[in-house]
Amino acid sequence: MSEQSRRPRKPAKPYRRPQKDPVRFLAFEALRAVDERDAYANLVLPPLLRKAREQGDFDARDAALATELVYGTLRRQGTYDAVIAACVDRPLREVDPPVLDVLSLGAHQLLGTRIPTHAAVSASVELARVVLGDGRAKFVNAVLRKVAQDDLDGWTEKVAPPYDEDPEAHLAVVHSHPRWVVSALWDSLGGGRAGIERLLAADNERPEVTLVARPGRATTEELLREDAAVPGRWSPYAVRLAEGGEPGAVEAVREGRAGVQDEGSQLVALALANAPLDGPDEKWLDGCAGPGGKAALLAALAAGRGATLLASEKQPHRAGLVARALHGNPGPYQVVAADGTRPPWRPGSFDRVLVDVPCTGLGALRRRPEARWRRRPEDLDDFAPLQRGLLRTALDSVRVGGVVGYATCSPHLAETRAVVSDVLKQRPDTELIDARPLLPGVPDLGEGPDVQLWPHVHGTDAMYLALIRRTG
Ligand SMILES: C[S@@+](CC[C@H](N)C(=O)[O-])C[C@H]1O[C@@H](n2cnc3c(N)ncnc32)[C@H](O)[C@@H]1O
């Protein structure tokens, strides 16, 4: 008999079945869908939350926590990856994605929320037992205990390269953005460290819900009767809802008389609608209308002046969304599915034209927590010819004396000024209009004549707008 076998045996711990915590389990399911199916968190979460509520035992606080866990984990993924990499003994690419999701969820609870350390670790280990099995739960336990040894500031000091050695790499880790995105945003924003830090921090905040009261259909007074609603900052049609405000509960939104729309998008539509024009002001075009936010505001403004809007969108299903957004508009409008680079309408037909072109969306990172990790610098090359083509046909579509608005929800210079200057170089029949006076009361719009909005300055998405007059 060996020495070991003679020792009295420690009684084995009775096996305990893992407890499924519905909030963490739902958050994990959402992260897996984002990773495996390239799903969008803002589309995946609502049905999962609805299903959990229908099954009972899942209240509004659970839904808020699950949402915070998913959004926070995705936004902060860059920082958490760097921390987790310092706590495991192999490259992160060799850690199975579901294990990494459990670790990231745990890291977010430990470093990005007020959940007590022991609760964050034990909830994560329990989740790991449910979704990964007992063996890998031990690994999760060991890694998260290391993560728990410091707070977020302590960790970023350890894992981020020093600012003085490599400012962009430092900011990328501290503010959880891909380095090329930090670089592009900084190029566009200009200035020193303070500004870019505020912008990157703003990208990690949850945006307020802003409504638009579509003129002639709803009023801001009506929307302001909602609980904790306050007026918008810049747009006369905007109303902001306090945290947790549910747009679906607002009658005017349910009836399509109001909509959910960032104030930056409202300002773009308003600036185009108010740009000075010589001659008639009767025919307006939105050449990239889907899903229809700006088109609905433009159509309502056009109706107030006796003008009509043609809303055009290449993707038929998105044209359907435009038709839904415009339904009930008080004046005439038309929705068509058409390629804006090969339009079916005659050149020079319109007095005002908007092209809100497809882009990387780097100006709306607050809304799409996973977008920054999906985008690649090469995407810019894919968009470049389309953006130029759409602006060229927009300029052809407007009559002499009419105005085109070129808009993006990206501040990347390759999608904003580079497109406008490339196209206008070959168009001596055009001139840029100073857009700044058309956003009255809005400060810090840049040196003009185009305008760039910023989340950290204006509380809006980083929308860009150039207004161009066709001079003949
Ligand atoms: C940034 S979105 C427009 C957002 C819209 N203005 C709003 O406020 O709801 C760009 C739209 O252009 C559409 N698009 C892409 N290529 C197009 C093309 N060649 N012609 C017309 N629309 C196109 C996309 O399908 C997408 O719906």
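Trainee: What exactly am I supposed to notice about the domain arrangement of the protein here?
Mentor: Interfaces are frequently sized by the accessible area removed from exposure as the parts join. When the domains of the protein are assigned, the result is domain 1 (22–152), domain 2 (209–260) and domain 3 (263–470). Placing a centre on the C-alpha atoms of domain 2 and another on those of domain 3 gives a separation of 23 Å. Contacts between domain 2 and domain 3 engage 14 residues on the former and 20 residues on the latter. Interface area for domain 2 against domain 3, summed over the two sides, is near 1,300 Å², with a carbon-plus-sulfur share of 58%. When the buried surface of domain 2 facing domain 3 is broken down by residue, Arg214, Arg217 and Trp234 rank first, second and third, together holding 52% of it. Connecting domain 2 to domain 3 are zero salt bridges.

Trainee: Mind showing me how you'd approach the site of the ligand here?
Mentor: The environment of the ligand is formed by 20 residues, the closest being Glu313, Arg318, Asp339, Gly340 and Asp356. Take Cys288: an N or O atom from its main chain is 3.3 Å from a nitrogen atom of the ligand. Between the ligand and the protein, one listed contact pairs a nitrogen atom with a side-chain N or O atom of Asp339 at 2.9 Å. Breaking the shell around the ligand down by element, the ones donating at least two residues are α16 (293–304) and α19 (378–397).

Trainee: Could you clarify how one ought to interpret the sheet that holds strand β3 (residues 238–241) in this entry?
Mentor: Across a sheet, strands are paired by hydrogen bonds formed along the backbone, either parallel or antiparallel in direction. The four strands lie next to each other as β2-β3-β1-β4, forming an open sheet whose pairing is antiparallel. If you trace the sheet from one side to the other, it starts and ends with β2 (229–231) and β4 (258–260), each paired once. In this sheet, neighbouring strand axes are inclined to one another by 30 degrees on average, regardless of whether the strands run parallel or antiparallel. Across the face of the sheet, helix α15 (residues 263–274) comes into contact with β1 (209–213) and β3 while running at roughly 30 degrees to β1.

Trainee: Help me understand α16, please; the structure alone is not making it clear to me.
Mentor: Along an α-helix, a turn takes 3.6 residues, which lines up residues three or four apart on a common side. In this model, α16 (12 residues) spans 17 Å end to end at C-alpha, consistent with the 16 Å of a helix rising 1.5 Å per residue. Extensive coverage of α16 is indicated by the burial of nine of its 12 residues. Residues Lys294, Ala295, Ala296, Leu297, Leu298, Ala299, Ala300, Leu301 and Ala302 constitute the buried set of α16. On its buried face, α16 is in contact with β1, α15, β5 (283–286), β6 (308–313), α17 (316–326) and β8 (350–356). One or two steps after α16, the chain reaches Gly306, where phi turns positive at roughly 75 degrees.

Trainee: Explain the pattern of salt bridges to me, please; I cannot follow it from the model alone.
Mentor: It is possible for side chains of opposite charge to pair when their charged atoms get near one another. For the structure on display, the rule yields 37 salt bridges. As a salt-bridge pair, Arg374 and Asp38 come within 3.6 Å of each other at their nearest N and O atoms. Of the two residues, Arg374 is situated in helix α18 (residues 371–374) and Asp38 in the loop between α2 (22–36) and α3 (41–54); the sequence distance between them amounts to 336 residues. Glu208 is the salt-bridge partner of Arg233, the closest N and O atoms lying 3.6 Å from each other. One end of the pair, Arg233, is in the loop between β2 and β3; the other, Glu208, is in the loop between α12 (193–203) and β1, and 25 residues separate them in sequence. You can call Glu208 partly exposed: its relative accessible area is 36%. Residues participating in the shared-partner salt-bridge network are Arg16, Glu126, Arg129 and Asp134.

About the criteria used
- Residues numbered from 1 in each chain as written.
- Predicted model: local features only at pLDDT ≥ 70, side-chain atom pairs only at ≥ 80, totals over all residues.
- Heavy atoms only, no water.
- Domains from an automatic or database assignment.
- Contact = heavy atoms within 4.5 Å.
- Buried area = accessible area lost by both parts, 1.4 Å probe.
- Salt bridge = Lys/Arg side-chain N within 4 Å of Asp/Glu carboxyl O.
- Near = heavy atom within 4 Å.
- Polar contact = N/O pair within 3.5 Å; in protein donor to acceptor, adjacent residues only side chain to side chain.
- Helix = DSSP H or I, 4+ residues; strand = E, 2+ residues; numbered from the N terminus.
- Pairing = 2+ DSSP bridges.
- Axes fitted to C-alpha atoms, helices over the stretch in contact; angles between N-to-C directions.
- Expected span 1.5 Å × (residues − 1).
- Buried < 20%, exposed > 50% of the residue type's maximum accessible area, 1.4 Å probe, protein only.

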